[in-house]
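Here's the letter readout for the chains.
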Amino acid sequence: MNLFTIPVPSPSSLWTTVRPGGAISVAGSFAALWAFVKVLRMLRWRVKTTRLLGPPRTSLVYGVSRDIGSSHDRAAIYERWATEYGVAYMTPSVLGQTNVVLCDPKAIAHFYARETWTYVKTPLTLAFLESSVGKGLLWAQGETHRRQRKALTPAFSNAAIRKLTSVFYDSAYKAKGQWDTVIESSKDGDAVIEVQNWMNHISLDTVGIAGFSHDFGSLDGEHVSVAEAFNTFGSNQPSAAHKAFILLASVFPIILNVIPNKRKNLFKKLGITMEQISNELLIRSRREKDANISQGGEENSLIGLLIKSEGQDAELHMSAEEVVAQMKVLLLAGYETTSISLTWALIELSRHPDIQTRLREELLAFGPDPTYDQLKANLPYLDAVVHETLRLHPPVPESTRLAAADDILPLSEPVRMASGNMTDSISIAKGTLITISIGGINRSSAIWGPDAKEFKPDRWLTEDGISGKAKEVQGHRHLLTFVDGPRACLGKDFAIMEFKAVLSVLVKNFVFEMRDGPDTLVEIVRGILLRPRVAGEDGTGVPLRIRRY
C-alpha cells in the first residue's frame, strides 16, 4: 500500500476520538495524535511539493509569520522576498508549516481559476467566518458557493445597479448638507472633519437602502447599534497576545472556541447585532410581500431575491440560516470596503492638491451629476483616480488558501528551486498553504514599473501607462483588488459606482487638505479590515481640513 494515498485526518477531527481520562492524558493523547498526523503530512508534502527558496525562519515557533504580522507594510516584505528569491518562494510559518507565496501573474491566474474547488479557505478562516457572519457567500465553497452566488447575482447586474445610482447620490448629498452646516458655523470658513467616520455613515446608509430598503439614518445622527458594533474594532487594537493567539489558531482552529479573547468577543457581539437587524428586516419584508405592498420589479432587489430563495420550490433554494448569513455578509462588506476606499481617496487627494484640482475641473466641466452610464464611460479622470486608489490601497491586502488537492502551478518565468535547478512550474501537494499578497502585486515595481508606489492616476489614461507585465495580471483592470475567478467580488460594480458617485459629489463641492500639512504621517491600523489613521489620532481618526469650493 502506498503511504501517500492514505487519507490523513486533521488534528481537530482526531480530537473528537479522545476519551475523557484526565486533563493530562487527554492533552498527551492529542499531542501524540497531532505529531503522528504531522509526520504523515510532512512525508507526503516533501515528496509531492516543489522545494523553493525563501527567507530563513526568525522564530522556532512562528517561522516568519510574526515578522509579517507586525510589519506596517506587509506588501513591501513580500515584494522584497520576490526580488531576492523569485516570483514564487516559500516562507516558514507556525510550528513547522510552510507557505508558498505566489508573485507571478500566470500562477495567480491559475490559482484563482480553481478557487473554491482546488484551493479553499483555511480551517481558521472558515471557523472565524462561521462564528461572525455565518454560512453565507464568504464562508461557502464548491457547489454551495456556486448555488448561493447564482441566487444573488441578479441583485448586482448592470440594470439593478443603474436603479441604485440615485441612492448613492442621496447619501453623498446628506453628508454634504451636514458638512455645509459645520463649515457655516466656523469663523474661518473651513472646518476640521474626521472623514473616515462620515464615510462609514455613507456606506452603512447606502447599503441599508440599496440592499434592504431600510434607512439606518446614521447620516441623520440616529444611533445605530450595528455601526456602534463596527466602530468598537477601531478603538480596540489587537494586542501582541491576540496576534500570537491567531497565529497558533492557524494550526489549531479549535482554540478559537476554547480560549477567551477580547476581539473574538467583539466579533461575536457584532455577529449577534447583525443577525438581530437582519431578522427584523426580513420579517418586515416578508410582511410587505404577503400584503402585496412591494412594488413590481423589487423581486430582483437583494432582499427580494433572498425572500424568493426561501421558498421550498425555489430553483436556488437557501435555508433560513443562509439567508440571514447573506444579509450579514452584505452589511459587513458594504460597510467596511467602500468606506475604506473613500477614506483613502480623500487622503490621496489631500496629499496631491494638483490631482484634486484636476479632478474637480473635470467634474465641474461635465455639469450635473452623471448618470450610471456616464459614471462608467464619460469621466476618465474620475475613473483613473478611483482605480489608482483601489490599486494602491486594496481593502483586503492578502489572502491565504489551502490546497484541497494536488496541483501543478505554471509560471510565466522560471524560478530557482532549493536544489539550485530552475523550474517553470511548481508541484503543489494537498494541504499546502498558498499566499497571495494582493497589495504586493498591485504595487509591485517589477509588474507596474518604477513608479508603482506613486499615486499616479495618469497611468490609467494612456495606452502605455500600464506596463506589459501588469497587463498579464488577470483581474478587474489588471488589479487583484476584487480578486478573480469564481470568487471574484460579486459587488464589484456596486462598489465602484458608489465610490464614483460619492467622490464626485464631495470633490465638486469641497476642497480637502491634510489638517497638519501634506507630509502628515498616515499609519495602518486594524478595524475589522486594515484602515488608515492619521498618526497620533485615536481609533481610526482621519481629520481633514475642509472648506467649500
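Residues numbered from 1 in each chain as written. Predicted model: local features only at pLDDT ≥ 70, side-chain atom pairs only at ≥ 80, totals over all residues. Heavy atoms only, no water.

Caption draft 1: Here's a closer look at helix 20 (residues 492–509). Counted at 1.5 Å a residue, the expected span for helix 20 with its 18 residues is 26 Å, and the 26 Å between its end C-alpha atoms agrees. Among the 18 residues of helix 20, 15 are classified as buried, and the element is accordingly described as predominantly covered. (Helix = DSSP H or I, 4+ residues; strand = E, 2+ residues; numbered from the N terminus. Expected span 1.5 Å × (residues − 1). Buried < 20%, exposed > 50% of the residue type's maximum accessible area, 1.4 Å probe, protein only.)

Caption draft 2: Main features of the sheet that holds strand 3 (residues 119–121). Taken together, five strands build an open sheet; the order of strands is 1-2-8-5-3 and the sheet is mixed. Edge positions in the sheet fall to strand 1 (88–92) and strand 3, since each of these pairs with one other strand and no more. Averaged over all pairs of adjacent strands, the angle between strand axes in this sheet comes to 40°, irrespective of strand direction. Bridge analysis of strand 3 against strand 5 (residues 398–403) gives three bridges, and the strand direction is antiparallel. Within strand 5, the position partnered with Y119 by the bridge is A403. Lying over the sheet, helix 5 (residues 105–113) contacts strand 2 (98–102), strand 3, strand 5 and strand 8 (433–437), oriented at roughly 120° with respect to strand 8. (Pairing = 2+ DSSP bridges. Axes fitted to C-alpha atoms, helices over the stretch in contact; angles between N-to-C directions. Contact = heavy atoms within 4.5 Å.)

Caption draft 3: Quick look at the packing of aromatic side chains. The full count for this structure, using the stated rule, is 15 aromatic pairs. Relative to Y89, the ring of Y85 has its centre 6.4 Å away and its plane inclined at 50°; by these criteria the two rings are tilted. Residue Y85 shares its accessibility class with Y89, and that shared class is buried. Consider the rings of W448 and W460, whose centres lie 5.8 Å apart with planes at 50°: the pair is tilted. Remark: W460 occurs in the loop between helix 19 (445–448) and helix 20 and W448 occurs in helix 19; sequence separation between them is 12 residues. Neither W448 nor W460 differs from the other in exposure class; each is buried. Among the aromatic residues, those joined into a ring-pair cluster are Y78, W81, Y85 and Y89. The ring centre of W448 lies 5.4 Å from the NZ or CZ of R391, which sits over that ring. (Phe/Tyr/Trp six-rings, centres within 6.5 Å; stacked < 30°, edge-to-face > 60°. Lys NZ or Arg CZ within 6 Å of the ring centre and 35° of its normal.)

Caption draft 4: Representation of the pairing of strand 1 within the structure. With respect to burial, strand 1 is a largely interior element, five of its five residues being buried. Residues A88, M90 and P92 of strand 1 are buried on one face, and the alternating residues Y89 and T91, pointing to the opposite face, are buried as well. Pairing of strand 1 with strand 2 involves five bridges; the strand directions are antiparallel. Following the sheet pairing, T91 is matched in strand 2 by N99. Here strand 1 folds back onto strand 2 in antiparallel fashion, the turn holding five residues, of which L95 has a positive phi close to 50°.

Caption draft 5: Seen up close, the environment of M422. Looking at where M422 falls in the secondary structure, it is placed in strand 7 (residues 422–428). The exposure class of M422 is partly exposed, given its relative accessible area of 45%. Other than its neighbours up to four places away in sequence, M422 contacts P414, V415, R416 and M417.

Caption draft 6: Region of interest: the pattern of salt bridges. If you walk through the whole model with that rule in mind, you get 35 salt bridges. A salt bridge links D516 to R515; the nearest nitrogen and oxygen atoms lie 3.0 Å apart. Residues joined by salt bridges that share partners form a network here, namely E388, R391, D451, K456 and R459. (Salt bridge = Lys/Arg side-chain N within 4 Å of Asp/Glu carboxyl O.)

Caption draft 7: The packing of helix 14 (residues 320–351) against helix 17 (residues 380–392), seen in detail. Where helix 14 meets helix 17, the closest approach of the two axes is 10 Å, and the angle between their N-to-C directions is 105°. By the angle between their axes, helix 14 is roughly perpendicular relative to helix 17. When helix 14 is examined against helix 17, the residues S341, W344, A345, E348 and L349 are found in contact with a partner set consisting of V385, T389, L390 and L392. When grouped by side-chain class, the residues that make up the contact of helix 14 with helix 17 number six nonpolar, two polar and one charged. (Parallel < 35°, antiparallel > 145°, perpendicular 65-115°, else oblique. Nonpolar A, V, L, I, M, F, W, Y, C, P; charged D, E, K, R; others polar.)

Caption draft 8: Molecular detail of the sheet that holds strand 4 (residues 190–194). Strand order in the open sheet formed by three strands is 4-12-9, with antiparallel pairing between adjacent strands. On the outer flanks of this sheet lie strand 4 and strand 9 (510–514), each paired with one strand and no other. Adjacent strand axes in the sheet meet at a mean angle of 35°, parallel and antiparallel pairs treated alike. Contacts from helix 8 (residues 158–184) reach strand 4, strand 9 and strand 12 (543–548) within the one sheet, and its direction differs from that of strand 12 by about 85°. Sitting on the sheet, helix 9 (residues 195–212) touches strand 4 and strand 12, and the angle it makes with strand 4 is about 65°.

Caption draft 9: Spotlight on the pairing of strand 5. In terms of strand pairing, strand 5 meets strand 8 through five bridges, oriented antiparallel. Bridging from a neighbouring strand, S399 pairs with I436 of strand 8.

Caption draft 10: Representation of helix 9. When the terminal C-alpha atoms of helix 9 are compared, their 25 Å separation across 18 residues agrees well with the 26 Å that a helix rising 1.5 Å per residue should span. Taken across its 18 residues, helix 9 has 16 buried, putting it largely inside the fold. Between a side-chain oxygen at the N-terminus of helix 9 and the backbone nitrogen of Q196 the separation is 2.9 Å; the capping residue is E194. Phi for S213, located one or two positions after helix 9, is positive at around 55°. (Polar contact = N/O pair within 3.5 Å; in protein donor to acceptor, adjacent residues only side chain to side chain.)

Caption draft 11: Region of interest: the environment of K469. Tracing the backbone through its elements, the reader meets K469 in the loop between helix 19 and helix 20. For K469, a relative accessible area of 21% corresponds to the partly exposed category. As a C-alpha pair, K469 and S250 span 219 residues in sequence and 33 Å in three-dimensional space. Apart from residues lying up to four places away in sequence, K469 is in contact with P105, S412, E413, A446 and I447.

Caption draft 12: Broad picture of the side chain of N200. If you trace the backbone, N200 turns up in helix 9. Residue N200 is classed as buried on the basis of its relative accessible area of 5%. A distance of 3.1 Å separates polar atoms of two side chains, one belonging to N200 and the other to S339. When near neighbours in sequence (up to four residues on either side) are disregarded, N200 contacts N231, Y335, S339 and R531.

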